[in-house]
Amino acid sequence: MFLATRQSAAAVRNLSDATKAALLHDLADRVLAQQDVILAENQKDLDRMDDADPKKDRLLLNGKRIEGLAQSLRDVANLPDPSGEVLLERTLEQDLQLQKISVPLGVVGVIYESRPNVTLDVAALCLRSGNACVLKGGKEASYSNNCLVKLIHETLEKFNVPAAAVTLLPTDRRYTHEMLTATRYVDIIIPRGSEALIHFVRKNSLVPTIETGAGVCHTYIEKSADLEKARAIVVNAKVSRPSVCNSLDTVLVDRAVAEEFLPKLVEGLAAYEVEIFADEISYPILQAAGYPFLQKAQAEDFGREFLDYKCSVKVVKGLSEALAHIQEYSSRHSEAIVSEDADAVESFLNEVDAAAVYANASTRFTDGGVFALGAEIGISTQKLHARGPFALEKLVTEKWVVRGNGQVRT
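Figured I'd write up the structure that's included with this text. (Residues numbered from 1 in each chain as written. Predicted model: local features only at pLDDT ≥ 70, side-chain atom pairs only at ≥ 80, totals over all residues. Heavy atoms only, no water.)

What follows covers the overall build of the protein. When its secondary structure is counted, the protein shows 14 helices and 16 strands. The globule rule puts the C-alpha radius of gyration for 410 residues at 22 Å, and the 23 Å found for the protein is close to it. Along the first, second and third principal axes, the C-alpha atoms of the protein reach 80 × 60 × 35 Å. Burial status across the protein gives 54% buried among its 410 residues. In the protein, 71% of the contacts between residues at least 6 apart in sequence involve partners at least 24 apart. As presented, the protein carries roughly 18,300 Å² of accessible surface, and 48% of it is formed by carbon and sulfur atoms. (Helix = DSSP H or I, 4+ residues; strand = E, 2+ residues; numbered from the N terminus. Rg over C-alpha atoms; globule rule 2.2 N^0.38 Å. Buried < 20%, exposed > 50% of the residue type's maximum accessible area, 1.4 Å probe, protein only. Contact = heavy atoms within 4.5 Å. Areas by Shrake-Rupley, 256 points an atom, 1.4 Å probe, with all protein chains shown as cover.)

As structure tokens, this is what we get:
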């Protein structure tokens, strides 16, 4: 299977820009036309998952989400191909003509959990950038993933591209090991999912790895903040879609505004029954405000990715303590400050080490589609090659091309 994918990469690489765009538009049409079939297969997956499992929202497909997937395919199709771009060009003193050109990575391997939308997003981004891909989805989404890959293969066949250009591995875990050690066939591995999955891949992969996924995201309410603005931002960051990696996990509140802000905050969170794990200062304030879903925070509730209607709250003495807390507990995904103090905002944006930093906005915006990148494979929290939304522009590497006329080095 790996060999077939490797061989198919040349066919994808040699597709014209217009053909790759047309292929993705055809796939978008096919996804919309087969919506009922996709939903039926997705329901089989949903029926197997406990309703209390926070990953169920990630697994869910509905009419609106399928329309979004189709639009994402069109968005990627309309983006410029990042491969084949001349990045640098010069003549060397030996009269050699030198170019640096962007080229596809080759075969991209992605391991992911629960999210069938990743199947289409990865396939679209890889095909548009001239790459083949090997997908290893979780067993909880197997019906959905197999259905979507079948549609992808139908489109590939229509455009005379080998079906192996998008390969979905069986869900058996032994295939994960095979993929992580397939150094001759896979050029890069991208894990997308839980911290446990990312750690496993990082520990066991012989193939170069770019980490994406885990997000422990903070929002700091600085003492000069517009508290109504802050309330809306925190509530949105927590409840709009709590199962995703850019949702809020910890609210840091300046001591100077804690007694005024926290009662305002509970008005928004109570409607969603958000369980709050409060530190020793915020707990009595929230208790006095009558918040019904309240627990005393333990040490492990900070630095925890909840992926559910849960969050922790900590009161801090000022910007320095907030920065220190984020430095210690952040996964370097997305961090936000709410403040009307321009100096505090700039200090936060400059000092916080994260892929995305926000001033007076929800962390929920960290997304390839929102950033006008078409779609994403995931959010990279490391610093080599890609950081933040890992999208089309990062699915290429570089090649040096040197043209001469008989020169030899003396």
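Quick look at the packing of helix α5 (residues 63-77) against helix α6 (residues 117-128) now. It is the contact of α5 with α6, at a shortest axis distance of 10 Å, that shows an interaxial angle of 15 degrees. The orientation of α5 relative to α6 falls into the category roughly parallel. Two packed elements cross with a definite hand, and for α5 against α6 that hand is right-handed. For the pair α5 and α6, the contacting residues are Leu-69, Ser-72, Leu-73, Val-76 and Ala-77 in the first and Asn-117, Leu-120, Asp-121, Ala-124, Leu-125 and Arg-128 in the second. Each residue belonging to the contact of α5 with α6 can be placed in one class, and the counts come to seven nonpolar, two polar and two charged. (Axes fitted to C-alpha atoms, helices over the stretch in contact; angles between N-to-C directions. Parallel < 35°, antiparallel > 145°, perpendicular 65-115°, else oblique. Left-handed = near helix turned anticlockwise from the far one by under 90°. Nonpolar A, V, L, I, M, F, W, Y, C, P; charged D, E, K, R; others polar.)

On to a nonpolar patch on the surface, then. Nonpolar side chains collect at one region of the surface, where Phe-365, Val-370 and Phe-371 lie side by side and expose about 270 Å² of accessible area between them. With respect to the helices and strands, the residue Val-370 is situated in the loop between β13 (356-359) and β14 (378-380). (Patch = residues over 30% accessible without salt bridge, like charges linked within 9 Å, V, L, I, M, F, W, Y side chains within 5 Å. Salt bridge = Lys/Arg side-chain N within 4 Å of Asp/Glu carboxyl O.)

Once that is clear, we can look at the environment of Gly-193. By secondary structure assignment, the location of Gly-193 is in the loop between β6 (188-192) and α9 (195-204). What makes Gly-193 buried here is its relative accessible area of 12%. Linking Gly-193 and Trp-400, residues 207 residues apart in sequence, is a C-alpha distance of 35 Å.

To continue, consider the packing of helix α2 (residues 17-33) against helix α7 (residues 142-158). Their axes nearest at 9 Å, the elements α2 and α7 cross at an angle of 140 degrees. Viewed along their axes, α2 and α7 adopt a mutual orientation that is oblique. Handedness of the crossing formed by α2 with α7: right-handed. Residue-level contacts link Leu-23, Asp-26, Leu-27, Arg-30 and Val-31 of α2 to Leu-151, Ile-152, Glu-154, Thr-155, Leu-156 and Lys-158 of α7. Along the lines of polarity and charge, the residues of the contact of α2 with α7 split into six nonpolar, one polar and four charged.

What follows is about the environment of Thr-381. Mapped onto the elements of the fold, Thr-381 is located in the loop between β14 and β15 (388-390). Judged by its relative accessible area of 16%, Thr-381 falls in the buried class. On a C-alpha basis, the gap between Thr-381 and Ala-214 in space is 8.1 Å, while along the polypeptide they are 167 residues apart.

With that settled, consider the pairing of strand β1 (residues 86-91). As defined by bridge partners, β1 adjoins strand β2 (residues 97-104) across five bridges and the pair is classed as antiparallel. Following the sheet pairing, Glu-89 is matched in β2 by Gln-99. Hairpin connection of β1 to β2: five residues between the antiparallel strands, including Asp-95 at a positive phi of 65 degrees. (Pairing = 2+ DSSP bridges.)

Taken together, the three strands give an open sheet; going across it, the order is β1-β2-β16, and neighbouring strands pair in antiparallel fashion. Strand pairing shows two members of the sheet lacking a second neighbour, β1 and β16 (396-403), which therefore form its edges. Geometrically, the sheet is characterised by an average inter-axis angle of 20 degrees between neighbouring strands, direction not taken into account.

The end-to-end C-alpha distance of α5, which contains 15 residues, comes to 21 Å, matching closely the 21 Å that a straight helix rising 1.5 Å per residue would cover. Buried within α5 are the following residues: Ile-66, Leu-69, Ala-70, Ser-72, Leu-73, Val-76 and Ala-77. Looking straight down α5, one finds that the buried residues subtend no more than 155 degrees of arc, so they occupy a single side. Summarising the geometry of α5, the exposed residues directed more than 90 degrees from the buried face are Lys-64 and Glu-67. Along its buried surface, α5 packs onto α2, α3 (35-47) and α6. Capping of α5 at its N-terminal end is provided by Asn-62; its side-chain oxygen lies 3.2 Å from the backbone amide nitrogen of Lys-64. (Expected span 1.5 Å × (residues − 1). Arc of directions from axis to C-beta. Polar contact = N/O pair within 3.5 Å; in protein donor to acceptor, adjacent residues only side chain to side chain.)

By the burial criterion, the buried members of helix α13 (residues 319-329) are Ala-322, Leu-323, His-325 and Ile-326. In a view along the axis of α13, the buried residues occupy a sector of 160 degrees, so they form one face of it. Those residues of α13 that are exposed and aimed more than 90 degrees away from the buried face are Ser-320, Gln-327 and Glu-328. Among the structural elements, β7 (217-221), β8 (248-254), β11 (310-316), β12 (334-338) and α14 (342-351) are those in contact with the buried residues of α13.

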